[in-house]
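Chain by chain, the residues:
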Amino acid sequence: MAALNIENVWKKYGNVIALRDVNLDIQDGEFVVLVGPSGCGKSTLLSIIAGLEDTSHGTLTLGDRDVTDLSPKDRNIALVFQSYALYPTMTVRQNITFGMENRKVPKTDQDKAVADVAKLLQIEPLLDRKPGQLSGGQRQRVAMGRALVRDPQLFLFDEPLSNLDAKLRVEMRTEMKKLHKRLGQTIVYVTHDQVEAMTLSDRIVVINDGVVQQFADPDTIYQKPANTFVAGFMGSPSMNFIEVEVTGKTGDITVVHHGEGEDIAFALGAARDELVPCIGDTVTLGVRPEHFRPMGEAGQTLSVNVDVVEPTGPDTMVVFSIAGKSLVGVLNAKFRPNEDDQVELSLSMDEACFFDATGTRIPGLGE
Ligand SMILES: Nc1ncnc2c1ncn2[C@@H]1O[C@H](COP(=O)(O)OP(=O)(O)O)[C@@H](O)[C@H]1O
Ligand SMILES: [Mg+2]
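Residues numbered from 1 in each chain as written. Chains lettered and ligands numbered in written order. Predicted model: local features only at pLDDT ≥ 70, side-chain atom pairs only at ≥ 80, totals over all residues. Heavy atoms only, no water.

Caption draft 1: A look at the overall build of the protein chain. Within the protein chain, the regular secondary structure consists of 8 helices and 20 strands. Taken over the C-alpha atoms alone, the protein chain extends approximately 80 × 45 × 35 Å along its principal axes. A total of 367 residues make up the protein chain; the buried ones form 49% of that total. Taking as baseline every contact in the protein chain between residues at least 6 positions apart, the subset at least 24 positions apart corresponds to 65%. Accessible area for the protein chain stands at about 17,200 Å²; split by element, carbon and sulfur atoms hold 49% of it. (Helix = DSSP H or I, 4+ residues; strand = E, 2+ residues; numbered from the N terminus. Buried < 20%, exposed > 50% of the residue type's maximum accessible area, 1.4 Å probe, protein only. Contact = heavy atoms within 4.5 Å. Areas by Shrake-Rupley, 256 points an atom, 1.4 Å probe, with all protein chains shown as cover.)

Structural data, given as structure tokens:
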């Protein structure tokens, strides 16, 4: 195990800048998830860490070694591919020992390594089977086992669950988490799935267009997103963004959305005095879908027009509009308005975020 430090890393492919000045300090034993839209640079960063790609600029330190110029095999890093990367004609045992055979590890050491890893991953009864006779989850564990016998300092995963069906994905997510808890290995895990990022990670790196947008624990990412990109990317359905003008005075701030034919005022009181410097400016109010509640609960009352109602089972997703602005709410399953109804909703403003004209979140007082 080891800490990984990434400093001022840039990657250019001709005219394409895939990574711009990436700086990440990953702790020993930490489970870090890289998340971002397709093409944002996740795989490039992983390949650079593994040594499969050179950096255009910057330094990588693993433990106490500068590994920037080391070849992949000298870095002691395991890249765990998807389960289909197992050799189909070999048994599980042969798949696990294959690398050790090549390195001419003595047979007794091989047997011991397989026994240890099989016990840890609970695949002892499977050792003589072929990959075709395993479930997806079992195959994933074998792929892990093959990496583990090398005792790497760092594990890298690139979208390992993306080819699995929804149910198996959720199972494997739990397995990954349990395994990390047991092994305590340093893991860098790439996904484009924000739910995977939220549930697996100790910390999340959100990347967009080759630039790290935020590196923080899941709660911070969700509740205090650095900017509108992070706020919009993490969470499904996405955060609602509403343009508002900041009015009022210290201790009595109100923000107003100038809608179609109607102004909607959101009273904030003293709690949002961080907006005092923005009085007179237009800022973006960010409201998560779950911050809308059925009428009667604490919060600001809004009279809205129901456009679409989508029961999801545990919740009801409602698309509604107010002064011509379309918004999404996720409410209790018992809340079932009819489409085209005029209903009242409560909006809890306690958890609302505000973003300045550049899209950067305006920190709360004392943050
Ligand atoms: N070998 C390459 N040559 C040229 N451009 C590349 C190469 N690999 C990746 N890119 C570009 O770098 C950017 C980041 O790609 P990638 O890291 O694969 O994104 P992600 O894994 O987040 O989907 C993309 O614009 C992609 O087209
Ligand atoms: Mg990729």
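Caption draft 2: The arrangement of the packing of aromatic side chains in detail. Per the stated rule, a full pass over the model turns up 7 aromatic pairs. Between Phe229 and Phe233, the aromatic rings sit 5.7 Å apart at their centres with planes inclined by 10°, giving stacked as the arrangement. One end of the pair is Phe229 and the other is Phe233, both in helix α8 (residues 228-233) and 4 residues apart, which spans about a single turn. Judged by relative accessible area, which is 23%, Phe229 ranks as partly exposed. (Phe/Tyr/Trp six-rings, centres within 6.5 Å; stacked < 30°, edge-to-face > 60°.)

Caption draft 3: Summary view of the site of ligand 1. Taken together, Tyr13, Ala18, Pro37, Ser38, Gly39, Cys40, Gly41, Lys42, Ser43 and Thr44 make up the full set of residues near ligand 1. Within the backbone of Gly41, an N or O atom sits 3.0 Å from an oxygen atom of ligand 1. A distance of 2.9 Å is found between an oxygen atom of ligand 1 and a side-chain nitrogen or oxygen belonging to Lys42. Contact with the protein chains hides 59% of the accessible area of ligand 1, taken as 560 Å² for the molecule alone. The residue inventory of the shell around ligand 1, partitioned by class, reads 4 nonpolar, 5 polar and 1 charged. (Near = heavy atom within 4 Å. Polar contact = N/O pair within 3.5 Å; in protein donor to acceptor, adjacent residues only side chain to side chain. Nonpolar A, V, L, I, M, F, W, Y, C, P; charged D, E, K, R; others polar.)

Caption draft 4: Structural view of the sheet that holds strand β13 (residues 262-269). Strands sit in the order β13-β12-β11-β14-β20 across an open sheet of 5 strands; the sheet is antiparallel. Pairing within the sheet leaves two strands with one partner each, and these edge strands are β13 and β20 (353-355). Taken over all neighbouring pairs, the strand axes of this sheet differ in orientation by 40° on average, direction set aside. When strand β11 (residues 240-249) meets strand β14 (residues 282-287), the two strands line up antiparallel, connected through 6 bridges. The residue of β14 that forms the bridge with Val244 is Val283. (Pairing = 2+ DSSP bridges. Axes fitted to C-alpha atoms, helices over the stretch in contact; angles between N-to-C directions.)

Caption draft 5: Spatial organisation of the pattern of salt bridges. For the coordinates displayed, the defined rule picks out 14 salt bridges. Arg203 is the salt-bridge partner of Glu30, the closest N and O atoms lying 2.4 Å from each other. Residue Glu30 is found in the loop between β2 (16-26) and β3 (31-35), and its partner Arg203 is found in strand β9 (residues 203-208); the two are separated by 173 residues along the sequence. For Glu30, a relative accessible area of 8% translates into the label buried. Three or more residues are tied together by salt bridges with common partners; here these are Arg169, Asp193 and Glu196. (Salt bridge = Lys/Arg side-chain N within 4 Å of Asp/Glu carboxyl O.)

Caption draft 6: Quick peek at unusual backbone geometry. Residue Ser236 is joined to Pro237 through a cis peptide bond whose omega torsion reads -5°. With respect to the helices, strands and loops of the structure, Pro237 is situated in the loop between α8 and β11. In this structure, Asp21 takes a positive phi of about 50° despite not being glycine. Secondary-structure assignment places Asp21 in strand β2. On the basis of relative accessibility, which here comes to 36%, the residue Asp21 falls in the partly exposed class. Phi angles above zero are rare outside glycine, and Asn76 is one such case at about 60°. Mapping Asn76 onto the fold places it in the loop between β5 (65-66) and β6 (77-80).

Caption draft 7: Quick peek at the sheet that holds strand β8 (residues 187-191). Pairing is mixed across the open sheet formed by 6 strands, whose spatial order is β6-β7-β8-β3-β9-β10. Taken across any chain shown, the strands that pair with only one partner, and hence form the sheet edges, are β6 and β10 (211-216). On average, each strand axis in the sheet is tilted by 20° relative to the strand beside it, whichever way the strands run. Taken strand by strand, helix α1 (residues 42-50) contacts β3, β6, β7 (154-158), β8 and β9, and its axis lies near 150° from that of β7.

Caption draft 8: Spatial organisation of the environment of Pro37. Residue placement: Pro37 occurs in the loop between β3 and α1. Counting along the chain gives 113 residues from Pro37 to Arg150, while the straight-line C-alpha distance between them is 32 Å. With sequence-adjacent residues up to four places away left out, Pro37 is seen in contact with Lys42, Ile207, Asn208, Phe229 and Phe233.

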